[in-house]
Amino acid sequence: MAQDYYEMLGVARNATAEELQQAFRKLARRYHPDVNSDPSAVDRFKEINEAYHVLADPETRARYDRFGPDFRQIPDDVAAGAGASRAYRSGNVGTGAGRVRRGSPGGASINIEDLFGGGIGGFEDMFGSWRSDGPMPGADQEAELTLSVEQAFAGGKQRVTLSGQSGQRSYNVTVPAGVTDGQRIRLSGQGGEGSAGGASGDLYLRVRIVPDERFRVEGRDIHVDAPVAPWEAALGATVPISTPGGEAKVHVPAGSSSGRRLRLAGLGMPNPRGKPGDLYAEIRIVVPRRLHKREKELFEELARESRFDPRSVKT
């Protein structure tokens, strides 16, 4: 039994033209043999192409809705009497936005280069020599956008240059403040070109934040080291720390040991749509590599007077 075209595209029978196009583009990107090595992908690609072309054209869609999978076998006079498409009574077998000559292999019509922005190579030879007479949407494309932690934190304008088969293209991209690793930024209409008046696809820039020794980013939370002197850790102090947004001050409570984390609420990655992340400053006690004479004397005096045993402290 022939598979229902609506089920094939995963849309409702009352789907709009835009919903049909979105479903087709999603499936086409999934089953295109250049990205799917499964041998069955070719047949699947032809099937979804056929389904889309029939349903994308209002006349052939109406005929399909009226007569079902056998709509092509309905005699022209019967179809005409039922109010079917006048275009179907031409010398070609109609498939919506594209036309397939009788005897064309596979029964599907699509301009592969136009759909995927060109550069597909000899893939169209697998289907025969066809052409698309109606609008075909361009493919969505994706590239990486590499940012430092500071750039991701602050956001702002970035100049992005991408290289492709058609040469280099440059874009001015507005990066939202607080963008996170893996987040995608959409550039509408900057993907693959459509054909025959079809809309261009979108370009998605997937953010990759470069690892930084100073800042460890976990979601929207940022972790930094807070170097302190032994006396600052013992007596307490307010010390400066580096953050992606610049210098900040953190209060170190008296008696702090290395590894203690101090939370600065809301100083992590910004969040345009909600609560920002937090910044965590981790105490790291640093001792002088070389002691001046008086410093050495004071440390020696402290060693004599103190009864503190760090090995007895439970961590």
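Peer 1: Hey, could you run me through the overall build of the protein in this one?
Peer 2: Counting its secondary structure elements, the protein contains nine helices and 13 strands. Element-wise, carbon and sulfur atoms account for 47% of the exposed surface of the protein, whose accessible area totals about 18,300 Å².

Peer 1: Hey, could you run me through a nonpolar patch on the surface in this one?
Peer 2: Together, Trp231, Leu235, Leu291, Phe299 and Leu302 give the surface a local cluster of nonpolar side chains, amounting to about 510 Å² of exposed area. When contributions to the nonpolar patch are tallied by element, the ones reaching two or more residues are helix H8 (230–235) and helix H9 (293–305). Considering the arrangement of structural elements, one finds leucine 302 in helix H9.

Peer 1: Would you explain the sheet that holds strand E12 (residues 261–264) in this entry?
Peer 2: By definition, the strands of a sheet pair up through backbone hydrogen bonds, in either a parallel or an antiparallel sense. Strand order across the open sheet formed by four strands is E8-E9-E13-E12, with mixed pairing between neighbours. The open sheet has two edge strands, strand E8 (216–218) and E12, and neither has a second partner. Averaged over all adjacent pairs, the angle separating strand axes in this sheet is 30°, with direction ignored. Of the strand pairs in this sheet, E8 and strand E9 (residues 221–228) are connected by three bridges, and their pairing is antiparallel. The partner of glutamate 218 across the bridge, within E9, is aspartate 221.

Peer 1: Just checking my understanding: could you explain the pattern of salt bridges for this structure?
Peer 2: Note that side chains of opposite charge can pair when their charged atoms are close. Under the defined criterion, the tally for this structure stands at 19 salt bridges. Between arginine 44 and glutamate 47 there is a salt bridge, with the nearest N and O atoms lying 3.7 Å from each other. Taken as a pair, arginine 44 and glutamate 47 lie in helix H3 (residues 41–56) at a separation of three residues, close to a single helical turn. Given a relative accessible area of 18%, arginine 44 falls into the buried group. Looking at glutamate 47, the relative accessible area reads 36%, which means it is partly exposed. A salt bridge links arginine 263 to aspartate 278; the nearest nitrogen and oxygen atoms lie 3.0 Å apart. Taken together, the residues arginine 263 in strand E12 and aspartate 278 in the loop between E12 and strand E13 (279–285) connect sequence positions 15 residues apart. Under the relative-accessibility criterion, aspartate 278 is labelled buried at 8%. Connected through shared salt-bridge partners, Asp4, Arg13 and Asp65 make up one network.

Peer 1: Looking at this structure, how should I read the pairing of E13?
Peer 2: The side chains of a regular strand alternate, first on one face of the sheet and then on the other. Direction of pairing for E9 relative to E13: parallel, over a ladder of seven bridges. Bridging from a neighbouring strand, aspartate 225 pairs with glutamate 282 of E13. Pairing analysis gives four bridges linking E12 to E13, with the strands arranged antiparallel. When the bridges of E13 are listed, arginine 263 appears paired with tyrosine 280.

Peer 1: What am I meant to see in the packing of helix H2 (residues 17–31) against H3 here?
Peer 2: Between two packed helices, both the angle of their axes relative to each other and the distance between the axes serve to describe the pair. The geometry of H2 relative to H3 is characterised by a closest axis approach of 9 Å and an angle of 165° between their N-to-C directions. Taken as axis vectors, H2 and H3 run roughly antiparallel relative to one another. Two packed elements cross with a definite hand, and for H2 against H3 that hand is left-handed. Along the contact surface, H2 presents Leu20, Gln21, Phe24, Leu27, Ala28 and Tyr31, while H3 presents Ala41, Arg44, Phe45, Ile48, Asn49, Tyr52, Leu55 and Ala56. By residue class, the composition of the contact of H2 with H3 is eleven nonpolar, two polar and one charged.

Peer 1: Could you clarify how one ought to interpret the nonpolar core in this entry?
Peer 2: One broad rule of soluble globular proteins: the nonpolar side chains tend to lie buried together. With 36 residues, the main nonpolar core has Val173, Leu205 and Ile241 as its most contacted residues. Residues contacting isoleucine 241, with those up to four places away along its chain left out, are Val224, Asp225, Ala226, Gly246, Glu247, Ala248, Val250, Leu264, Leu279 and Ala281. Met8, Val11, Phe24 and Tyr31 belong to the second-largest nonpolar core, a separate cluster that totals 21 residues.

Peer 1: Explanation requested: the sheet that holds strand E7 (residues 203–209) in the structure shown.
Peer 2: As summarised here, the arrangement of the three strands in space is E3-E7-E6, forming an open sheet in which the pairing is mixed. On the outer flanks of this sheet lie strand E3 (141–147) and strand E6 (184–187), each paired with one strand and no other. With direction set aside, neighbouring strand axes in the sheet form an average angle of 30°.

Peer 1: What's the story with the packing of H3 against helix H4 (residues 58–67) in this structure? I'm lost.
Peer 2: In contact at an axis separation of 5 Å, H3 and H4 are set at 105° when each is read in the N-to-C sense. With respect to each other, H3 and H4 are oriented roughly perpendicular. In contact with His53, Val54, Leu55 and Ala56 of H3, H4 contributes Pro58, Thr60, Arg61 and Tyr64. Its residues assigned to classes, the contact of H3 with H4 shows five nonpolar, two polar and one charged.

Peer 1: Whenever I open this one, the environment of threonine 146 confuses me. Can you help?
Peer 2: With respect to the helices and strands, threonine 146 occurs in strand E3. It is 4.8 Å that separates the C-alpha atoms of threonine 146 and arginine 208, two residues lying 62 residues apart in sequence. Contacts of threonine 146, omitting those with residues within four sequence positions, involve Gln151, Arg208 and Val210.

Reading guide: rules and limits
- Residues numbered from 1 in each chain as written.
- Predicted model: local features only at pLDDT ≥ 70, side-chain atom pairs only at ≥ 80, totals over all residues.
- Heavy atoms only, no water.
- Helix = DSSP H or I, 4+ residues; strand = E, 2+ residues; numbered from the N terminus.
- Areas by Shrake-Rupley, 256 points an atom, 1.4 Å probe, with all protein chains shown as cover.
- Patch = residues over 30% accessible without salt bridge, like charges linked within 9 Å, V, L, I, M, F, W, Y side chains within 5 Å.
- Salt bridge = Lys/Arg side-chain N within 4 Å of Asp/Glu carboxyl O.
- Pairing = 2+ DSSP bridges.
- Axes fitted to C-alpha atoms, helices over the stretch in contact; angles between N-to-C directions.
- Buried < 20%, exposed > 50% of the residue type's maximum accessible area, 1.4 Å probe, protein only.
- Parallel < 35°, antiparallel > 145°, perpendicular 65-115°, else oblique.
- Left-handed = near helix turned anticlockwise from the far one by under 90°.
- Contact = heavy atoms within 4.5 Å.
- Nonpolar A, V, L, I, M, F, W, Y, C, P; charged D, E, K, R; others polar.
- Core = buried A, V, L, I, M, F, W, Y, C linked by side-chain atoms within 4.5 Å.

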